[in-house]
Amino acid sequence: MSDAPLVFTPRPADPPPPSTIGVVGWMRANLFSSLPNAILTFLGGYIFYVVVTTIIDWALVKAVWEAENRRQCLDLVGRSGACWPGVVEWIPNLIYGLYPKDQVWRINIGFLILLAWAVPLWLPRVKSKVAIGLSLVLLYPLLASYFFHGGAQGVVWTALIALGGAAFLWVWLTTLAEMRFGLGFGALVARLAGAADDERARRIGWGALAALYVLALLVVSQLRFVEVPTRVWGGLFLTLVISGIGIAFSLPAGVLLALGRRSQMPLIRVFCVTFIELFRSVPLITILFMFNTMLPLFLPAGVEVNRLLRAIVAVCLFASAYMAEIVRGGLQAIPKGQYEAAAAMGLGFWQSTSLIILPQALRIMIPSIVGNFIGLFKDTTLVSIIGLFDLLSMSRAVGEDTRWLGLFIEPFFFITMIYFVFCFLMSQYSLNLERRLGEGQRR
Amino acid sequence: MSQLTGSPSSVIRRPATPPMRLGAFVNDATVRSVFYQAVTFVCVVGLIWYLVSNTITNMAQRGMSAGFDFLDVSAGFNIAFTLIPYREGDSYFRVFQVGIANTLLVAVIGAVFASILGLVMGLARLSTNWLIRTLARWYIEILRNTPLLLQIIAWYFGVFNLLPLPRASIDLGGVMYLNNRGAYFPAPVAQEGFALTLLALVAAVAGAVVLHIWAKRRLRDTGRAFPSGLAGAALILLLPLLVFLASGAPLAWDWPALRGFNFRGGFSVPPAFCALIVALSIYTSCFIAEIVRAGIQSVSHGQTEAARALGVKPSRTMRFIILPQAMRVIIPPLISQYLNLTKNSSLAIAIGFPDLVSVWMNTSLNQSGRAIPIVAMTMGFYCAVSLGVSFVLNLYNRRILLRER
């Protein structure tokens, strides 16, 4: 026997059985865990294979990309392949409707401004996000009407549009100022001007804003666009206009209706409940029909309301009733202690609502609000039934074009992808937002 | 604090008659509430009065009438598909009934298919099989993120309108035929003595219900289970079948057959109906699938584990433990999806299926010009359905709430 101490050396652990790791292990666990599962996997795989190859075959492999008209497509591949030239030719119309070709840049500029207006909301160091968001909802439509509709405006309208322009200038100036110096635009101007005290600084800030407004007024009153009547608006552009206005209107209106429904005042509650329940229980198409046939009756003789406006009024009222129910759900989820604490601090109704309740409630409601927006975006297709040329109507018009007669499936496929991309991105963004905002609540 | 409470001397006394100052009056909650309500009332009533007076003036100018007297007048147009009998000379009120019947038909059939498909997809979404789960997820994502109207129109123009001519109909087992004029089924024609079979069916259903109640009570009292579902199904199937055969099979089938350029006989539905049903049930099934998934996931996993620990079989765990709890979460949104489906069936107008909105709010309105009564009746119908269903739903909610602790 040697004196060497006995040292315990553990045998290295066995590697896991090869059937439980790697691709094989994953497949065993997730695809072939039991006989029924294996059958399901094969069945699902087969269905997937058939569907995907059919679509790819039709849309890409056998598709025709160059042809003068549908007859040529049919002669080449018959119905087994897609006939894309018709869709490609119609893409400008699908996007802009019958908007004059030489004016289309106005739409592009309008949407670029919208994007630029919204970008600061995602920039980390910008503090005035609430003001920027509010100005986006309330003042951007003014600027948008200036670009999209154009035409000669009266004094009041010019002044309002200038307000929109000034707001846009302010948004970017204040964004840059806050990112670079951590000060708002007005405060920065006051600092640069060497204001002695707060009172003077405030006055200089307002002066700077007034200067912006005068600048915008000068530009707007000098620069006039040709009028493009709403009759020729169409395509994706019209879809976005209707859903955009619907969204912008329904959020504040929905908040007011929901507050009214929860109000202690019986009369206000009755009005709000009636409105909400009436508009929620009938289909959107009946409301569109009603406004289309009856709005001219409701208004004094001689007042003309164009078709687009009728549709927009209907969509706005419909969307606000749905939004009201979502907001009510959010308000109900706030514990009563929050209301009581706000009251104990001496806050009045509007103060406690806007400072304590709504900020918390809105955070809970974000997923449902985005869901409502998606629904609204999809529902705008209904305006095609009352004769507006939205994306869906335009895509049906392709098949009524004499050269592409009967070409329906391809444009439908194309706009389905457009709708899907928009709605899917919105829903994924909402999921992402929900996850991020919920971070603080998670335990 | 304890000094303050209890001793009568420390109770704060209000002045006997508070002097009425303007500030106190204006800031009084009741006064303000009355004031706000009065303002709202005046605004709303003023707005309504303004609209109504404009409408009356406009209608007088255009020579329109708002009365319901047109309901008895003959409508004078034909309707492509009617569930209840309708002839061209029938009155406008009959048109209204036809529209309601067609809408309800679409709603009921759509709801049945949507529920089945939604249940399957919801369970597939929870499958342990990765492929099935992923396929179900993309099925749901793609279909619920595209507009329903687009789907309806695509099914109509892209599928059901492109079906072959009647002469080259697609033959589904020699029973059902599909062509570009619609779908054709054999129609049952009851002969003398068929009423007996129907009676047997009613009796069997009643028996199954009684059996189910008895089995449930026995399970609760003694713990011994009885396969009441299976027995009930057998009863409902076999009893009428026996009576049917015993009474000499008094049922004839009216088979659709190709005569000339089209099928005659049997029961037929137009392509628009097929497109509408397919699109509505597929679209709604996505939402139902998500509801089913959320409902099942809402039952905490501890329930399953507890059942396993008590030795409950997996199949019974699902039936007696998971489903009853999930149902509470599932039923209310499910009903509201059925309501959505009913409302969405109004999109039939885009493909020319004669539902309520199409025959009533469109054709009849354009022909008779009675905008106000027609709009009111249409909205009244949808409101009645919606409010009626939510009333029942509220009752149900109250019932399941009582069972909670």
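Residues numbered from 1 in each chain as written. Chains lettered and ligands numbered in written order. Predicted model: local features only at pLDDT ≥ 70, side-chain atom pairs only at ≥ 80, totals over all residues. Heavy atoms only, no water.

Chemist: Where do I start with the state of the cysteines in this structure?
Modeler: Covalently bonding the sulfur atom of one cysteine to the sulfur atom of another cysteine gives a disulfide. Residues and elements named next belong to chain A. This structure, assessed with the given rule, holds one disulfide over all chains. Covalent S-S linkage joins C73 and C83, the inter-sulfur distance amounting to 2.0 Å. Disulfide C73 to C83: torsion about the S-S bond roughly 65°, handedness right-handed. Note that C73 is positioned in helix α3 (residues 70-77) and C83 in the loop between α3 and α4 (84-96), a separation of 10 residues in sequence. (Disulfide = S-S within 2.5 Å. Helix = DSSP H or I, 4+ residues; strand = E, 2+ residues; numbered from the N terminus.)

Chemist: Is there a simple way to explain the sheet that holds strand β2 (residues 176-179) of chain B in this structure?
Modeler: Hydrogen bonds along the backbone pair up the strands of a sheet, which may run parallel or antiparallel. Residues and elements named next belong to chain B. Pairing within the open sheet is antiparallel, and its four strands lie in the order β1-β2-β3-β8. Looking at strand neighbours, the two that pair on one side only are β1 (170-172) and β8 (267-269), the edges of this open sheet. Along the sheet, successive strands turn relative to each other by an average axial angle of 20°, direction set aside. With three bridges connecting them, strand β3 (residues 182-185) and β8 associate as antiparallel partners. Within β8, the position partnered with Y184 by the bridge is S268. (Pairing = 2+ DSSP bridges. Axes fitted to C-alpha atoms, helices over the stretch in contact; angles between N-to-C directions.)

Chemist: Can you help me understand the pattern of salt bridges in this one?
Modeler: Once their charged atoms are close, side chains differing in charge can pair, the charge on each being opposite to the other. Across all of its chains, the model carries 16 salt bridges over all chains by this definition. In this structure, D14 of chain A engages R11 of chain A in a salt bridge whose closest nitrogen and oxygen atoms are separated by 4.0 Å. For the pair formed by D14 of chain A and R11 of chain A, the shared burial category is exposed. Here D69 of chain B and R370 of chain B are joined by a salt bridge, their closest N and O atoms 3.0 Å apart. Separated by 301 residues along the polypeptide, D69 of chain B in the loop between α2 (29-62) and α3 (92-125) and R370 of chain B in the loop between α11 (356-368) and α12 (371-402) bring together distant segments of the chain. A single salt-bridge network, built from bridges that share partners, covers R261, E277, E325 and R328 of chain A. (Salt bridge = Lys/Arg side-chain N within 4 Å of Asp/Glu carboxyl O. Buried < 20%, exposed > 50% of the residue type's maximum accessible area, 1.4 Å probe, protein only.)

Chemist: What should I look at first to understand the nonpolar core in this one?
Modeler: Across soluble globular proteins, nonpolar side chains have a tendency to be buried as a group. Residues Y99, W117, F148, W233 and L288 of chain A together with W360 of chain B are the most contacted members of the largest nonpolar core, which totals 160 residues. Looking at this core, the element that brings in the most residues is helix α8 (residues 271-298) of chain B, giving 13 residues. Each residue touching W360 of chain B, except ones within four places of it in the same chain, is listed here: F70, L71, Y92, V95, F96, D355, L365, I374, M377 and T378 of chain B. With 14 residues, the next largest nonpolar core counts V255, M323, I326 and V327 of chain A among its residues. (Core = buried A, V, L, I, M, F, W, Y, C linked by side-chain atoms within 4.5 Å. Contact = heavy atoms within 4.5 Å.)

Chemist: Which parts of the structure should I look at to understand empty space enclosed by the protein?
Modeler: With a probe scaled to a water molecule rolled over the atoms, the places where space remains empty come into view. This structure, assessed with the given rule, holds one cavity of 30 Å³ or more. There is about 40 Å³ of room inside the largest cavity. Contributing to the lining of the largest cavity are S281 of chain A together with L339, T342, K343, Y382, V385 and S386 of chain B. Of all the elements in the fold, those that place two or more residues in the lining of the largest cavity are α10 (314-344) and α12 of chain B. (1 Å grid on protein atoms, 1.4 Å probe; cavity = no way out; pocket = protein on both sides within 12 Å on 5 of 7 lines; lining within 4 Å. Points joined across faces, edges and corners; volume = space filled by probe spheres on them.)

Chemist: I'm lost on a nonpolar patch on the surface in this one. Help?
Modeler: Residues and elements named next belong to chain A. Nonpolar side chains collect at one region of the surface, where L40, L43, Y46, I47, Y49, V50, V51 and I55 lie side by side and expose about 760 Å² of accessible area between them. Mapped onto the elements, I47 comes out in helix α2 (residues 35-61). Residue classification places I47 among the partly exposed residues on the basis of a relative accessible area of 47%. (Patch = residues over 30% accessible without salt bridge, like charges linked within 9 Å, V, L, I, M, F, W, Y side chains within 5 Å. Areas by Shrake-Rupley, 256 points an atom, 1.4 Å probe, with all protein chains shown as cover.)

Chemist: Help me out: how do you make sense of the side chain of T380 of chain A in this one?
Modeler: Residues and elements named next belong to chain A. Mapping T380 onto the fold places it in the loop between α15 (349-379) and α16 (391-398). Using a relative accessible area of 1% as the deciding quantity, one classes T380 as buried. At 2.6 Å, the side chain of T380 and the backbone oxygen of F377 are in polar contact. Among all residues touching T380, those that are not within four sequence positions of it are T239, I242, S243 and D390. (Polar contact = N/O pair within 3.5 Å; in protein donor to acceptor, adjacent residues only side chain to side chain.)

Chemist: Would you take a moment to explain the environment of D198 of chain A for this structure?
Modeler: Examined against the element boundaries, D198 of chain A turns out to sit in helix α9 (residues 198-222). For the pair formed by D198 of chain A and D401 of chain A, sequence separation is 203 residues and the distance between their alpha carbons is 66 Å.

Chemist: Explain the domain arrangement of chain B here, please?
Modeler: Accessible area lost during the coming together of the parts is what is often quoted as the interface size. All names here are of chain B. Taken domain by domain, chain B consists of domain 1 (92-186 + 255-402) and domain 2 (187-254). Contacts between domain 1 and domain 2 engage nine residues on the former and six residues on the latter. Carbon and sulfur atoms make up 56% of the area that domain 1 and domain 2 hide from each other, which totals about 520 Å². On inspection of domain 1 and its partner domain 2, the count reaches zero salt bridges. (Domains from an automatic or database assignment. Buried area = accessible area lost by both parts, 1.4 Å probe.)

Chemist: It is not clear to me how the UniProt feature "domain: ABC transmembrane type-1" (unreviewed entry) in chain A should be interpreted in this structure. Could you clarify?
Modeler: Sites flagged by UniProt as "domain: ABC transmembrane type-1" (unreviewed entry) map to residues 236-426 of chain A. Between the C-alpha atoms that bound residues 236-426 of chain A there is a distance of 16 Å. The span itself is 78% helix and 0% strand. (UniProt positions renumbered as here; feature names shortened; annotations may be inferred.)

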